[in-house]
Structure formats: C-alpha cells, structure tokens
Amino acid sequence: MQDFNNARYLSDQEVYPCPICAVGEISTMPLMEVMACQFCRHIFTADYENQQLQMADRQPPLMWRWNGKSWSERRLKDVEIGWGYTLGAIAFVVLPTTLIGITVYARPPVASSPLSWFPVFWTGLTFVLHLGIIAQLVIEFLDFPLGAYLQQKLQNLLPR
Ligand SMILES: [Zn+2]
C-alpha cells in the first residue's frame, strides 16, 4: 500500500510539510515522541493510528488529518468554528463600509470643495481597517508566524 501515487503514511520516520507555516518541515525530534518544525519551532504530537497531528504548544490545540499527501480537515480540538463567526466577520467588514458608502452616495460632497475626495477616502479607509482587524484576529487565532514567513519569502527572492 505504501507509495501508492506517492501517497505516504504519517510515520515517525519521515519528514512532512509544516501545517502552520508551510515553509518549514516537521520531523520527529531525536529521543522524543514529538514532531517539531525546524522553521517556526512549533511542536506537534502525532497520532499514527488515526493519521492525525495535533499542536502541542497551543490551547485549544489545532488538529489536522494526514491524507497521504497533505494536511486536511484543520480544526480546533473540541471547538467548532461555526458559520456564525464567519458571518460575523463578513458583517463587521461590510456593514460599516456600506453605511458610510450609502451616506456618501445620498449626500455627495460639493464637487468644488477642496475636501470632496475625503468621503470616498473615508469609505475606503473604513473597509481596509475593518478588514485588517479581522485579518489580525485570524493570524492571532492560527498563531501564524507572519513576520518569519515574510522574511523567509523575501530571502528566497533575493539573490545570494
Ligand atoms: Zn512551521
């Protein structure tokens, strides 16, 4: 069954892509029963029987299932992220922007005034800032090492 279409099983003998940073690789640490990423330094415990991986340094832990080629079914252990959160996040970005946009549309500024650009700018700023807050929450939630990730990407772009 091994090596069927290059699919492989999760085992303590091999190296796998890191499900957190997608830059590093995780492998079993010498003399220990945990796996660690050499790039973002997160630590994982593997359940070889169920082909699952769990973050060991985060509460509640994120979990993944190994499908033979990649990590799938990312979820928080014992926590369901329902549609409510997704809808809430979309509403948080869309509603204020729409409200301001409607106001600007209904009461357009006098075109000759020096600040006539401001309402449109303000609408755009509202959208960008609210989107930024959501992005920040998601990054914090996933514990994504954004700085390290960007640094790595930048280093790969620069000639050595
Ligand atoms: Zn990593």
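Our structure is the block above this text.
Numbers given for residues are sequential positions, taken from 1 along each chain in its written order. Where local features are concerned, this predicted model is filtered to residues with pLDDT of at least 70; where side-chain atom pairs are given and counted, the filter is 80 or more; whole-chain, interface and lining totals use all residues. The side-chain numbers reported here are obtained from all heavy atoms of the structure, hydrogens and water having been left aside.

## Section: the overall build of the chain
Logical step 1: Helix and strand assignments follow DSSP, with helices taken as H or I runs no shorter than four residues and strands as E runs no shorter than two, numbered in order from the N terminus. Within the chain, the regular secondary structure consists of three helices and seven strands.
Logical step 2: Along its sequence from the N terminus, the chain presents helices and strands in the succession β-β-β-β-β-β-β-α-α-α.
Logical step 3: Computation of the radius of gyration draws on C-alpha atoms, with the globule rule given as 2.2 Å multiplied by the number of residues to the power 0.38. Over its C-alpha atoms the chain spans a radius of gyration of 22 Å, topping by over 25% the 15 Å that the globule rule assigns to 160 residues.
Logical step 4: In the chain, of all internal contacts separated by at least 6 residues, the share reaching a separation of at least 24 is 34%.
Logical step 5: Accessible area for the chain stands at about 11500 Å²; split by element, carbon and sulfur atoms hold 63% of it.
Logical step 6: Averaging the positions of the 11 positive and the 13 negative side-chain charges in the chain gives two centres separated by 11 Å. In what follows, a contact means two residues having at least one pair of non-hydrogen atoms within 4.5 Å. All accessibility values rest on the Shrake-Rupley procedure with a 1.4 Å probe; residue burial counts only the protein chains present in the view. In this tally, Lys and Arg are treated as positive and Asp and Glu as negative; His is ignored, and so are the chain termini. Taken as the charge centre is NZ of Lys, CZ of Arg, CG of Asp or CD of Glu, depending on the residue.

## Description of the coordination of the zinc ion
Logical step 1: Metal sites are built from N, O and S donor atoms within 2.8 Å, or 3.2 Å for Na, K and Ca, and they leave out water, so they may look incomplete. Every protein donor of the zinc ion is accounted for by Cys18 (SG), Cys21 (SG), Cys37 (SG) and Cys40 (SG), and the metal-donor separations fall at 2.3 Å.
Logical step 2: Classification of the site at the zinc ion rests on its four donor atoms, whose angles at the metal span 105 to 114 degrees, yielding the label tetrahedral.
Logical step 3: All donors to the zinc ion come from one chain, and their sequence spacing reads C-x2-C-x15-C-x2-C. Note that Cys18 is positioned in the loop between strand E1 (16–17) and strand E2 (25–28) and Cys40 in the loop between strand E3 (34–37) and strand E4 (43–47), a separation of 22 residues in sequence.
Logical step 4: According to the relative accessible area criterion, Cys40 is buried, its value standing at 13%. Any coordination sphere not matching a tetrahedral pattern (four donors, all angles between 85 and 135 degrees) or a square planar or octahedral pattern (four or six donors, opposite donors over 155 degrees apart, other angles between 65 and 115) is reported as irregular. For every residue, the accessible area obtained with a 1.4 Å probe (protein chains only) is divided by the maximum for its type, and the residue is called buried under 20%, exposed over 50%, and partly exposed between those limits.

## Some points on the pairing of strand E6 (residues 62–66)
Logical step 1: Counted residue by residue, E6 has four buried out of five residues, so it is predominantly covered.
Logical step 2: The criterion for strand pairing is that DSSP finds at least two bridges linking the strands in question. Hairpin connection between strand E5 (residues 52–55) and E6: a loop of six residues separates the two successive antiparallel strands.
Logical step 3: The hairpin formed by E6 and strand E7 (residues 71–76) contains four residues between the paired strands, and Gly68 there has a positive phi angle of roughly 105 degrees.

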